[in-house]
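# Structural characterization, general
In case you want the letters, here they are:
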Amino acid sequence: MRSIDVRQRFRLRCAAMDESHAIPFINADQVRAALPYPQLIEALRRAFAEAEQTQMPRRHAPPLGNESTLLLMPAWRAHQQLGVKLVTVMPDNQARGLPTVHALYVLSDTETGAPLAIMDGEVLTLRRTAAVSALASSFLSRPDSRVLLMVGTGRLAPEMAVAHCAVRDIQRVMVWGRNPDKAQHTIARMQEAGLPAHVQIDVANSLASSCAAADIICCATTSTEPLLRAEWVSAGTHVDLVGGFRPHMREADDALMASAALFVDTREGALLEAGDLLQPIQAGRLRASDIRAELSALANAAHPGRQAADEITLFKSVGSGLADLAAAGLIHKLSVR
């Protein structure tokens with residue numbers, strides 16, 4: 001009986017706690033509402049321009065067995081906020097009818113260590129990834145870019161299209177995927193995600209001809225073989241590579257990587273994880289020094305970005321804790337009163 005009394009007293013104390021001490025949980029819908037692309041892109045621009053003020057240790061990725069992974073991505077700014085994103089990647093979940101990736105973000109106060117909020121990390125990651133690409137495009141794509149080719153039909157595809165439309169006056173979006181039915185479904189998801197009503201959307205039947213017609217090519221796939229070939233890409237195109245986040249993954253061939261003006265979100269992360277860079281470097285087709293600048297140098301105007309209308313520019317991102325922290329700070333600012 002005594003043990004029951006102890007448990008009862010504990011429950012009563014918990015119930016009597018002041019609700020103001022509760023840590024808010026910000027769900028997926030709330031995260032999406034708190035990250036409109038114009039505000040998020042501007043928050044990321046400021047964060048990357050001041051990148052030296054953010055501490056961002058290398059992300060830790062311990063294996064869990066059966067090709068499952070736990071990713072830990074910390075970042076913090078002195079006298080402001082610190083955060084950690086916890087991501088589990090479980091390939092076997094497909095057979096269970098569950099998402100392969102689950103993620104949470106924990107935001108805390110840097111001075112006190114007190115937790116400020118727990119957030120849905122999946123939507124945060126989707127939105128900040130798309131916004132980082134859009135920010136890079138604002139420096140690297142031609143201002144008169146009107147046609148966007150989206151290569152890939154995953155969860156990220158609708159976000160990428162909407163984000164790119166936030167920085168360029170896109171008039172047409174073409175969607176290419178190995179499965180035409182999935183490409184058609186992706187078009188419907190783009191419309192639901194808020195693609196401007198005036199934008200024409202259609203399925204791209206030929207990847208080669210669609211690349212030739214595009215001003216911006218955005219590739220977000222899990223391919224392990226190059227999809228984009230240099231001979232398909234027209235002069236003046238901006239190429240945005242998002243999907244290849246492991247050394248064995250590829251989205252562009254060696255010739256395209258070697259001929260384009262290369263930019264990355266972070267040099268350290270890209271040279272550790274991006275197969276699109278690592279494989280041509282190992283083959284002797286590319287050098288690490290061929291990377292012209294990180295996104296921080298574009299954001300703080302240390303590098304001018306695109307330098308000629310006929311230049312092919314290429315931005316490779318693998319994700320960073322800095323972008324997560326900037327997005328989480330905006331979510332907390334707009335969601336928690």
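See the structure shown above.
Residues numbered from 1 in each chain as written. Predicted model: local features only at pLDDT ≥ 70, side-chain atom pairs only at ≥ 80, totals over all residues. Heavy atoms only, no water.

## Concerning the sheet that holds strand S13 (residues 261-264)
Adjacent strands of a sheet pair through backbone hydrogen bonds, lying either parallel or antiparallel. If you trace the eight strands from one edge of the open sheet to the other, you get S10-S9-S8-S11-S12-S15-S13-S14, paired in parallel fashion. At either end of the open sheet lies a strand with only one pairing partner, and these are strand S10 (200-203) and strand S14 (291-294). Shown here is a sheet whose adjacent strand axes are inclined to one another by a mean of 20 degrees, direction ignored. (Pairing = 2+ DSSP bridges. Helix = DSSP H or I, 4+ residues; strand = E, 2+ residues; numbered from the N terminus. Axes fitted to C-alpha atoms, helices over the stretch in contact; angles between N-to-C directions.)

## Observations concerning the side chain of Asp254
Within the secondary structure, Asp254 is located in helix H9 (residues 254-259). Within the structure, the side chain of Asp254 is placed 3.0 Å from the side chain of Arg250, a separation counted as a polar contact. Among all residues touching Asp254, those that are not within four sequence positions of it are Pro280, Ala283 and Arg285. (Polar contact = N/O pair within 3.5 Å; in protein donor to acceptor, adjacent residues only side chain to side chain. Contact = heavy atoms within 4.5 Å.)

## Topic: helix H3 (residues 37-49)
Counting along an α-helix, one turn takes 3.6 residues, and residues three or four places apart therefore face a common direction. Here H3 spans 18 Å end to end across 13 residues, near enough to the 18 Å set by a 1.5 Å rise per residue. Turning to H3, its buried residues number three or more, namely Tyr37, Leu40, Ile41, Ala43, Leu44, Ala47, Phe48 and Ala49. Where H3 is buried, its residues meet helix H5 (121-140), helix H6 (156-165), helix H12 (295-299) and helix H13 (321-335). (Expected span 1.5 Å × (residues − 1). Buried < 20%, exposed > 50% of the residue type's maximum accessible area, 1.4 Å probe, protein only.)

## A short note on the nonpolar core
Membership of the largest hydrophobic core comes to 65 residues, with the highest contact counts inside it found for Leu44, Phe48, Met119, Val173 and Leu195. Residue contributions to this core peak at ten residues, all from H5. Setting aside residues up to four positions removed in sequence, Phe48 forms contacts with Val132, Leu135, Asp265, Leu295, Ser296, Ala299, Ser320, Leu322 and Ala323. (Core = buried A, V, L, I, M, F, W, Y, C linked by side-chain atoms within 4.5 Å.)

## Focus: the pairing of strand S4 (residues 68-77)
Successive side chains on a regular strand alternate, one facing one side of the sheet and the next facing the other. Of all ten residues that make up S4, seven are buried, and the element is covered over most of its length. Looking at chain direction, strand S2 (residues 54-55) and S4 are connected through two bridges and run antiparallel. Opposite Gln55, over in S4, you have Trp76 as the bridge partner. In this sheet, S4 lies alongside strand S3 (residues 63-65) in antiparallel orientation, the contact comprising two bridges. Within S4, the position partnered with Gly65 by the bridge is Ser68. Remark: two residues form the turn of the hairpin made by S3 and S4, two consecutive strands paired antiparallel; Asn66 in that turn has positive phi of roughly 55 degrees. One ladder, built from eight bridges, connects S4 with strand S5 (residues 81-89); its direction is antiparallel. Across the sheet, residue Met73 finds its bridge partner in S5, namely Lys85. Counted along the chain from S4 to the antiparallel partner S5, the turn is three residues long, and its residue His79 has a positive phi close to 65 degrees.

Any link to function would need more than the numbers given here.
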